[in-house]
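These are the residues of each chain, in order.
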Amino acid sequence: MLAKEHIDDLLTRDGKVLSTEGDKIGSIGQIYTDDDSGQPTWVTVKTGLFGTSESFVPLEGARVDGDNIVLPYSKDQVKDAPRVDTDGHLEPSEEERLYRHYQLNGARGRTEADTGRSADFPGTEGQAGTGFRQDSEDRGTVGRDTSGPTTDDAMTRSEERLNVGTERQTTGRARLRKYVTTENVTQTVPVQREEVRIEREPITDSNAGAAMSGPDISEEEHEVVLHEERPVVEKETVPVERVRLNKDTVTDEVTVDEEVRKERIETDGLRDDRR
């Protein structure tokens, strides 16, 4: 429970406001105290971007944890609280709206005892109020909205639905690149060469004239030119194939697992009298 001595420490230490689950709701803005007793009764929580929005939260049930205040409310409940000007003073009508939002039944009666302000409840003089004031805006309806202004006799239930689509994004690139390598090619090629062979023939009547046509005794040379084949290598470039990149579309199935919120409606205080 917050006491007077906690106020200065909390305001000078830049404390935070936490939920019971330990989630940060916002930072401490201002602490409102009772005009008579000086006891802390309300705290404003700075929420939104750069703390530009302040929400009122009752300090009933709150506790101090180091430099922080722990409240028995969720972050969404605080952010959705009715907007009240932080002008240094809370009017009874503003307190009523806030108490309704935080579902503090009979809170106006406690506020009267704590703050010394009158609780504007219907009822006879000297009789305790019921904790409920019927305004002109909720006359004629079956019930009243305890969390804000009364609208009609029905409650809207909403739920989140999962809408799954696809988006196209780049996952990679593929390219063709040509480079040159060197390898050895071995082929066998037949080649021809000329060799000298000596042929001898005896003197016969058919060649006697050629044999006796020269001088009887002389010196003489005869030569024969020899030839051979050698391999000759030439290179030529020829196209062998064409290569290109193409794309195929493949369809896969991906399972999406996501949480969605649904509102449920339950009833309190109903009694089944059927037999």
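Look up a bit, the structure's there.
Keep in mind that what you see is a predicted model, and the values were worked out from it rather than measured.

Bringing the pattern of salt bridges into the picture now. Scanning all chains against the criterion turns up seven salt bridges. Notably, a salt bridge pairs Glu159 with Arg157, separated by 3.6 Å at the nearest N-O pair. When salt bridges with common partners are traced through the structure, they connect Arg157, Glu159 and Arg161 into a single cluster.

Our focus in this paragraph is the pairing of strand S6 (residues 68-71). In the sheet, strand S1 (residues 16-19) pairs with S6 via three bridges, with the strands oriented parallel. Paired with Val17 across the two strands is Ile69, which belongs to S6. Where strand S5 (residues 63-65) meets S6, three bridges bridge the pair, whose relative direction is antiparallel. Looking across to S6, one finds that Val64 is bridged to Ile69. Hairpin connection from S5 to S6: two residues lie between these consecutive antiparallel strands, with Gly66 at a positive phi of about 70°.

It is worth spelling out the packing of aromatic side chains at this point. Scanning the model with the defined rule gives three aromatic pairs in all. Relative to Phe56, the ring of Tyr32 has its centre 5.0 Å away and its plane inclined at 70°; by these criteria the two rings are edge-to-face. Highlighted residues: Tyr32 in strand S2 (residues 24-33) and Phe56 in strand S4 (residues 53-58), separated in sequence by 24 residues. With respect to burial, Tyr32 and Phe56 carry one shared label: buried. Relative to Tyr102, the ring of Tyr73 lies with its centre 4.7 Å away and its plane at 55°, an arrangement referred to as tilted. On the criterion of sequence distance, the pair formed by Tyr73 in the loop between S6 and helix H2 (75-79) and Tyr102 in the loop between helix H3 (92-101) and helix H4 (107-115) is long-range, its members being 29 residues apart. Since its relative accessible area comes to 7%, Tyr73 is described here as buried.

The rules behind the values
Residues numbered from 1 in each chain as written. Predicted model: local features only at pLDDT ≥ 70, side-chain atom pairs only at ≥ 80, totals over all residues. Heavy atoms only, no water. Salt bridge = Lys/Arg side-chain N within 4 Å of Asp/Glu carboxyl O. Pairing = 2+ DSSP bridges. Helix = DSSP H or I, 4+ residues; strand = E, 2+ residues; numbered from the N terminus. Phe/Tyr/Trp six-rings, centres within 6.5 Å; stacked < 30°, edge-to-face > 60°. Buried < 20%, exposed > 50% of the residue type's maximum accessible area, 1.4 Å probe, protein only.

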